[in-house]
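Fold and contact review
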Amino acid sequence: PYTTLFRSGTELLLNGKAVHLFGGHRVSEDPDEGQRESAAIVDRDMSDMLADNMRMMRIAQWPQVPEVFDFADKHGMLVIAESGNWNMGAWQMADPGIRALWKQQMREMMEEDWNHPSVIAWSVGNEYESATREGIEWTRDMRAFTLKLDSTRLITFASRYTADSSVHTGTDEGSQYSDFVSANIYVPNYADYAPRLDRVHQLWPDKPVFLTEFGKVGEDSPHDTERIAAFTAAVTAMKARPWVNAAMRS
């Protein structure tokens, strides 16, 4: 196995060159086929992503069909693979049975997908209670577990707590154990993207930042002007901050 992406301070290097990437958060659930996706469905969706210059994707919070990684390998896309801690509470992350089951599922996913060069990072969860003691310990412990299985790739998780009032320093939240901070940010005011990103950088100034979820629900209009304005504001804020290395539309 090998990784194509390396961290150097707040930069991410692809083949030795700093990169700033855009992509999507693809949820693998087709209206007709559900999660049993055929190769044709995967090819359709990911071809659309490539046509929009989406070169990076964070998969949904469960293992994917092999065709997803085969397509990404063939077309030079980069993937963050994520196992199933979706919104767990502190008590769940402290439970020995849940911890053991997650490790089993993570191992199974990694054994299936480790040899795909498109996989550049493993994620240990999405939007769990990472500003609690149990969430911090989960991130630390599952990072260590994952690195024992594969020490060649980066480790992260998608956080919704980067602006939480209980997070005063970087040690108050699990992102201290991420190789790059993955922040899920939704704001009611478009001007809030810039200060929210600056807050993430203030907490973890030595880490690259990914905006792993952002955006706005579409409108009942053929023009979608509000949604366009939201994406424009987010992208403008990201481009002005060199330590924001990637963004994935949700």
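Everything below is about the structure shown above.
My aim in this report is to walk through the structure given alongside it, one point at a time. (Residues numbered from 1 in each chain as written. Predicted model: local features only at pLDDT ≥ 70, side-chain atom pairs only at ≥ 80, totals over all residues. Heavy atoms only, no water.)

So, about the layout of surface pockets. Empty space within the largest pocket amounts to approximately 180 Å³. Together, 10 residues line the largest pocket, and G24, H25, R26, M49 and M54 are the ones closest to its centre. Broken down by secondary-structure element, the contributors of at least two residues to the lining of the largest pocket are β4 (21-26) and α1 (39-51). Broken down by class, the residue content of the lining of the largest pocket amounts to two nonpolar, three polar and five charged. (1 Å grid on protein atoms, 1.4 Å probe; cavity = no way out; pocket = protein on both sides within 12 Å on 5 of 7 lines; lining within 4 Å. Points joined across faces, edges and corners; volume = space filled by probe spheres on them. Helix = DSSP H or I, 4+ residues; strand = E, 2+ residues; numbered from the N terminus. Nonpolar A, V, L, I, M, F, W, Y, C, P; charged D, E, K, R; others polar.)

Next up on the list: the nonpolar core. With 30 residues, the main nonpolar core has M46, M57, M77, W122, V124 and W138 as its most contacted residues. For this core, the elements supplying multiple residues, two or more each, are α1, β5 (56-59), α2 (66-75), β6 (78-82), α4 (96-113), β7 (119-126), α5 (133-149) and β8 (154-159). Counting 22 residues, the second-largest nonpolar core is a separate cluster that includes A131, I185, L211 and W243. (Core = buried A, V, L, I, M, F, W, Y, C linked by side-chain atoms within 4.5 Å. Buried < 20%, exposed > 50% of the residue type's maximum accessible area, 1.4 Å probe, protein only.)

Turning our eyes to something else, we now look at the sheet that holds strand β11 (residues 244-249). On the basis of which strands lie adjacent, the closed barrel formed by eight strands has the order β4-β5-β6-β7-β8-β9-β10-β11 and parallel pairing. Shown here is a sheet whose adjacent strand axes are inclined to one another by a mean of 25 degrees, direction ignored. For β4 and β11, the ladder comprises four bridges, and the chain directions are parallel. The residue of β11 that forms the bridge with L21 is A246. Packed on one face of the sheet, helix α7 (residues 225-239) meets β4, β10 (209-213) and β11 and runs near 165 degrees to β11. (Pairing = 2+ DSSP bridges. Axes fitted to C-alpha atoms, helices over the stretch in contact; angles between N-to-C directions. Contact = heavy atoms within 4.5 Å.)

You will see that N87, though not glycine, has its phi angle at about 70 degrees, which is positive. By secondary structure assignment, the location of N87 is in the loop between β6 and α3 (90-94). Of the residues examined, N87 reaches a relative accessible area of 41% and is grouped as partly exposed.

In this section: the packing of aromatic side chains. Geometrically, a pair of aromatic rings is defined through the distance of the ring centres and the angle of the planes. For the structure shown, the criterion picks out seven aromatic pairs. By way of ring pairs, the aromatic residues W102, Y128, W138, F145 and F157 are connected into one cluster. (Phe/Tyr/Trp six-rings, centres within 6.5 Å; stacked < 30°, edge-to-face > 60°.)

Following both chains from N to C, one finds α4 and α5 inclined at 35 degrees, their axes separated by 11 Å at the closest point. Helix-helix and strand crossings are classified by hand; for α4 and α5 the assignment is right-handed. Contacts between α4 and α5 involve R99, W102, K103, M106, R107 and M110 from the former and E137, W138, D141, M142, F145, T146 and L149 from the latter. Per-class residue counts for the contact of α4 with α5 are seven nonpolar, one polar and five charged. (Left-handed = near helix turned anticlockwise from the far one by under 90°.)

The next point concerns the side chain of T146. Assignment of secondary structure puts T146 in helix α5. Exposure remark for T146: the relative accessible area of 0% places this residue in the buried category. Here the side chain of T146 touches M142 through a polar contact of 2.7 Å, landing on its backbone oxygen. Those residues within four positions of T146 in sequence are excluded, and the remaining contacts are W102, M106, M110, W122, V124 and I155. (Polar contact = N/O pair within 3.5 Å; in protein donor to acceptor, adjacent residues only side chain to side chain.)

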